[in-house]
Structure formats: structure tokens, C-alpha cells
Amino acid sequence: MGRQPNQRPRRDPAGLEERKGWYYALTGFDPHDVLLDTAVTVLCTPMAAPETVADVAEELVRWRRLPDHEFRAEWAGAREVRAAANDFRRTRLGLGPLMGRRDRLHH
């Protein structure tokens, strides 16, 4: 889920680390008091279905543990989300979005 041990984390223009995958944090009474910050290893795709993410979150909140099985299915809307994210990154670099061009190619 997280980065590989020898893989350098990506940093955004503000210098913040970009993590891939799903993570959760166990906090103390103060939300800034993080007791545990780790990857949600049972979600094996960064584009898991919202219902799956909700089920895993419910398991964490109710029982304070992860489910016993992995979820590998990707959400049906993942392609559109990736395209929108790529277009956003392009606009941050001063380039035009590809979204409109993609739509024309598929019709």
C-alpha cells in the first residue's frame, strides 16, 4: 500500500510528501496527537469503491482492527477520476487539460 522501502516519496510543489494508497491514523484526545499512522493494507488499490472504503472504515471504528481479507477490485469511476487528476496536474504546470480531447476521441 505505502511506498516501497527503497522508493523515494514524491513531493508536491509545496514540498509535502505525496503518499499513495490508503492510510489511517489513531489519534489521542487532541487530534494533533497521532498515536499511530499506518497503511490500510487490505485496500490493495488506490481507487477502491466508496462502499468498500466505508466498510473497512466501519471495521476500524467499531472493532479497531482491519478486515481479515483484502479488497482488490477497483472502483468503476476510477478512470474518470484519474483523468481529472491528470488534468489538474497539467493545469498546475500551465498546460491545458486533456479531458475535452479525450471526450472527443471516444465519441
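Throughout what follows, the structure given in this document is the object of discussion. (Residues numbered from 1 in each chain as written. Predicted model: local features only at pLDDT ≥ 70, side-chain atom pairs only at ≥ 80, totals over all residues. Heavy atoms only, no water.)

A short note on the pairing of strand E3 (residues 23-27)
Consideration 1: In the sheet, E3 pairs with strand E4 (residues 34-39) via five bridges, with the strands oriented antiparallel. Opposite Tyr23, over in E4, you have Ala39 as the bridge partner.
Consideration 2: The hairpin turn running from E3 into E4, its antiparallel successor, is six residues long. (Pairing = 2+ DSSP bridges. Helix = DSSP H or I, 4+ residues; strand = E, 2+ residues; numbered from the N terminus.)

Regarding helix H1 (residues 50-63)
Consideration 1: Over its 14 residues, H1 runs 20 Å from end to end, which matches the ideal 20 Å to within 8%, given 1.5 Å per residue.
Consideration 2: Turning to H1, its buried residues number three or more, namely Thr52, Val53, Val56, Glu59 and Leu60. On an axial view of H1, the arc spanned by its buried residues comes to 120 degrees, and they lie on one face. The outward face of H1, more than 90 degrees from its buried face, is lined by the exposed residues Glu51, Val61 and Arg62. (Expected span 1.5 Å × (residues − 1). Buried < 20%, exposed > 50% of the residue type's maximum accessible area, 1.4 Å probe, protein only. Arc of directions from axis to C-beta.)

Describing the pattern of salt bridges
Consideration 1: What the rule picks out here adds up to four salt bridges.
Consideration 2: Ionic pairing is found between Glu70 and Arg72, a salt bridge with its closest N-O pair at 2.6 Å.
Consideration 3: In this structure, the salt-bridge partner of Arg82 is Glu74, at a minimum N-O distance of 2.8 Å.
Consideration 4: Relative accessible area serves as the criterion here: at 34%, Arg82 is assigned to the partly exposed category.
Consideration 5: Residue classification places Glu74 among the partly exposed positions, given a relative accessible area of 43%. (Salt bridge = Lys/Arg side-chain N within 4 Å of Asp/Glu carboxyl O.)

Topic: the environment of Asp55
Consideration 1: Its location among the elements puts Asp55 in helix H1.
Consideration 2: When the C-alpha atoms of Asp55 and Leu66 are compared, they prove to be 9.9 Å apart, with eleven residues separating the residues in sequence.

Here we look at a nonpolar patch on the surface
Consideration 1: Judged by side-chain polarity, Leu26, Leu35 and Leu36 come together as a nonpolar surface patch covering roughly 270 Å² of accessible area.
Consideration 2: As for its placement among the helices and strands, Leu35 is situated in strand E4.
Consideration 3: Note on Leu35: relative accessible area 56%, which makes it exposed. (Patch = residues over 30% accessible without salt bridge, like charges linked within 9 Å, V, L, I, M, F, W, Y side chains within 5 Å. Areas by Shrake-Rupley, 256 points an atom, 1.4 Å probe, with all protein chains shown as cover.)

Some thoughts on the environment of Arg90
Consideration 1: Positionally, Arg90 belongs in helix H2 (residues 78-92).
Consideration 2: Excluding residues that lie within four positions of it along the chain, Arg90 makes contacts with Leu95, Gly96, Pro97 and Leu98. (Contact = heavy atoms within 4.5 Å.)

Side note on the side chain of Thr45
Consideration 1: Relative to the elements of secondary structure, Thr45 occurs in the loop between E4 and H1.
Consideration 2: When its relative accessible area of 6% is taken as the criterion, Thr45 is described as buried.
Consideration 3: Engagement of the side chain of Thr45 in a polar contact is seen with the side chain of Glu74, the distance being 3.3 Å. (Polar contact = N/O pair within 3.5 Å; in protein donor to acceptor, adjacent residues only side chain to side chain.)

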